[in-house]
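# Examination of the molecular architecture
Residues per chain are reported as follows:
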Amino acid sequence: MRKLNKQNKIYITLLSLFVIICLVVVSIFIIYKIKDYNKKYKISPVSYIFNSDKELVTIKDTTYAKKDFFGNYYLIDKESKISLGKNIVIYNSSDNEITLLGTFYEILENGETKKYSGESIFSSYLNKIFKIEDRRYLVTGKTIKTEDDLLTTENYLLIDLDKVGNSYVYNNVINYKSFGILNLITDTFNFKTNEEILILNNEEIDLTKIKGSTNKYKEQKKEHLDSSNDNDNPSNIYEEEQIFINNIYETVTENKYVSHKTTIFDAKASNSSIDLTYMVYDPLTEFTKVYVNVYTNDVFVGTYELASGETNYTLKGLNSNTLYHLDFFYDYMVDGNLVSKKFDMLDIKTLNVKGQITLEKVSNNSVSYILKVDDSLDSAVANLYIDGVLSSTDNNLNIINAKSHDGYSGVFNFSVVGSTFEIVIEDGVFNSENVGVIATYKFKM
């Protein structure tokens, strides 16, 4: 057998050491991951958190969050798991505390950054700003508002930017989309969201330099300014130029941008209507009209004007349980020509007409009941089925009484013998539309 020379022995020894070191590192990593995986983070009742789809989750009872092997947090909700993502913000409304899970970068008063990892807890009243990831921020403070006072909130605000600088700001109380300039103010700093510029102690801090940014807002703004400066026309205080930045109409007057914001805050549907909450900010009164076009199944329903001095409008006379598509526009004049610009759209479904049946009295040949329905019902038929066969109809059904606080008291008389009884309020009609079954109540005798 050939003996190993000295050099080969060194190679084998080094290789063995390398393998041992790798095994130790891998073992430590696995132990750390298992320890991290088994750790539970308590979330107190009356807390709010957003899942990975940015949907609000309200915590009613004490629960826990855990982290999987890949670093993603999830909420333990009884037998199911709710995905939360890698960086989590939890607001405890009872204690006014913010809990951070994951990696966050706080911008300090001296302009430096402080990295947070794992679990961090602090008062929501503290004026702080964190960069969470590319184009995503967290601002906390007792009062957070926009520069024009059109939006005011408390405790915390999450800010998501798209690649052209449009802002989506939200918490457990508000959610607001801005297609223009949005500057947020706390007691200690200003945050120009579109440009990702923080003004702190009269100093501007470029937050795009923290972990980088894919926000193209500055580039687009520079292109617009460069193109306007290339014109040979001299500028004066009377000259105005219309431009578009981030899908919002703006005017350059005296070399200052004047924003004209049109925003839909919220839309809530009932059985026969849709309530819109909106904002029209038009300081130079340049919009000739702001309106919404309504469609259902690609069929045009109508145009409804949104007054600039109001913030609420109700679309009435709609059908129940129907999906509607809404397109929002504003009109303005350019060189004597009317221009229409769509600034938002949404799909929303109206609710079903609801009814409630309460069994009052049952005998061998009659059934007494109380019916309550909502206002979105013009007429209906009350039938009693015994073992699946129509056996009686309450011809005295009064829908007006059924809409009252006490409801309508009705009775079915029957002579059929059976075991399974079912009261069905059906053939409901609203706005000349058959809305089907309103309520049912099944019982056995």
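Residues numbered from 1 in each chain as written. Predicted model: local features only at pLDDT ≥ 70, side-chain atom pairs only at ≥ 80, totals over all residues. Heavy atoms only, no water.

In this section: the overall build of the chain. Looking only at helices and strands, the chain features three helices and 38 strands. Nonlocal contacts in the chain, meaning residues at least 24 apart in sequence, comprise 51% of its contacts between residues at least 6 apart. For the chain, the accessible surface area stands at approximately 25,100 Å², while carbon and sulfur atoms represent 50% of it. (Helix = DSSP H or I, 4+ residues; strand = E, 2+ residues; numbered from the N terminus. Contact = heavy atoms within 4.5 Å. Areas by Shrake-Rupley, 256 points an atom, 1.4 Å probe, with all protein chains shown as cover.)

Spatially, 27-26-29-30 is the arrangement adopted by the four strands of the open sheet, whose pairing is antiparallel. If you trace the sheet from one side to the other, it starts and ends with strand 27 (299-305) and strand 30 (337-349), each paired once. Within this sheet the neighbouring strands show an average axis-to-axis angle of 25°, counted without direction. (Pairing = 2+ DSSP bridges. Axes fitted to C-alpha atoms, helices over the stretch in contact; angles between N-to-C directions.)

A word on the packing of aromatic side chains. Applying the stated criterion to the full structure yields 21 aromatic pairs. A centroid spacing of 6.2 Å and a plane angle of 70° characterise the contact between Tyr369 and Tyr408, whose relative ring orientation is edge-to-face. With a gap of 39 residues between them, Tyr369 in strand 32 (residues 366-373) and Tyr408 in strand 35 (residues 408-413) connect regions that are remote in the sequence. Residue class for Tyr369 comes out buried when judged on its relative accessible area of 0%. The exposure class assigned to Tyr408 is buried, which follows from its relative accessible area of 7%. For the ring pair Tyr369 and Phe412, a centre distance of 5.0 Å and an interplane angle of 15° mean the geometry is stacked. Of this pair, Tyr369 sits in strand 32 while Phe412 sits in strand 35, and the two are 43 residues apart along the sequence. Judged on exposure class, the residue Tyr369 and its partner Phe412 are both buried. Each member of the aromatic cluster is reached from another via a ring pair, and the members are Phe287, Phe328, Tyr330, Tyr332 and Phe343. Here the guanidinium or amino end of Lys81 rests over the ring plane of Tyr74, the centre of that ring lying 4.6 Å away. (Phe/Tyr/Trp six-rings, centres within 6.5 Å; stacked < 30°, edge-to-face > 60°. Buried < 20%, exposed > 50% of the residue type's maximum accessible area, 1.4 Å probe, protein only. Lys NZ or Arg CZ within 6 Å of the ring centre and 35° of its normal.)

Another aspect to go through is the pairing of strand 16 (residues 175-178). In strand 16, alternate side chains face the same way, and those of Tyr176 and Ser178 are buried while those of Asn175 and Lys177 on the opposite face are not. Sheet topology places strand 15 (residues 167-170) next to strand 16; four bridges connect them, and they run antiparallel. Bridge pairing links Tyr168 to Lys177 in strand 16. Linking two consecutive strands that pair antiparallel, namely strand 15 and strand 16, is a turn of four residues.

The next point concerns the nonpolar core. Tyr369, Leu371, Leu377, Leu397, Ile423 and Ile425 are the most contacted members of the largest nonpolar core, which has 25 residues in total. For this core, the secondary structure elements donating two or more residues are strand 32, strand 33 (379-386), helix 3 (399-402), strand 35, strand 36 (420-430) and strand 38 (439-444). Those residues within four positions of Leu377 in sequence are excluded, and the remaining contacts are Val353, Ile399, Lys403, Gly428, Val429, Phe430, Val435 and Ile438. Formed by 23 residues, the second largest nonpolar core is a distinct cluster that contains Val139, Tyr176, Leu200 and Ile210. (Core = buried A, V, L, I, M, F, W, Y, C linked by side-chain atoms within 4.5 Å.)

It is worth spelling out the environment of Tyr48 at this point. Secondary-structure assignment places Tyr48 in strand 2 (residues 47-50). Sequence separation of Tyr48 and Ile98 is 50 residues, and the distance between their C-alpha atoms is 9.9 Å. Aside from chain neighbours lying at most four places away, what touches Tyr48 is Leu56, Val57, Thr58, Val89, Ile90, Tyr91, Ser93, Tyr156 and Asn172.

What follows is about unusual backbone geometry. In this model, Glu196 sits at a positive phi of 55°, which is unusual for a non-glycine residue. Looking at the element boundaries, Glu196 is found in the loop between strand 18 (189-192) and strand 19 (197-200). A positive phi is found at Asp335, a non-glycine position, where the angle reads about 55°. Looking at the secondary structure, you find Asp335 in the loop between strand 29 (323-334) and strand 30. Classification of Asp335 by relative accessible area gives exposed; the value is 76%.

Spatial relationships are all this shows, so hold off on functional conclusions.
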